[in-house]
Amino acid sequence: MTVFEMAERYYPRLWGVTRLEVLVKAGRLTEEEKERLVKGKEEAE
């Protein structure tokens, strides 16, 4: 399972935006992937 797949599963239930930002800074998630996750969850609401 990739970090992006884990983020899809755990954001926002267990992981917040701060966690995603940490993963971006660590190079484990791209900024584009983070935005895709955040926008996707906002649109679902």
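Calculation rules
Residues numbered from 1 in each chain as written. Predicted model: local features only at pLDDT ≥ 70, side-chain atom pairs only at ≥ 80, totals over all residues. Heavy atoms only, no water. Helix = DSSP H or I, 4+ residues; strand = E, 2+ residues; numbered from the N terminus. Phe/Tyr/Trp six-rings, centres within 6.5 Å; stacked < 30°, edge-to-face > 60°. Buried < 20%, exposed > 50% of the residue type's maximum accessible area, 1.4 Å probe, protein only. Lys NZ or Arg CZ within 6 Å of the ring centre and 35° of its normal.

Enquirer: Any details on unusual backbone geometry? Residues and values, ideally.
Expert: That bond from Tyr-11 to Pro-12 is cis: its omega, 0°, falls within 30 degrees of zero. Locating Pro-12 in the fold gives a position in the loop between helix H1 (3-10) and helix H2 (17-25).

Enquirer: Quick rundown of the packing of aromatic side chains? Include the residues and the values.
Expert: Throughout the structure, instances matching the rule amount to one aromatic pair. Taken together, a centroid distance of 5.4 Å and an interplanar angle of 50° make the contact between Tyr-10 and Trp-15 tilted. Its relative accessible area of 12% is what places Trp-15 among the buried residues. The ring of Trp-15 has Arg-19 sitting right over it, with the charged end atom 4.8 Å from the ring centre.

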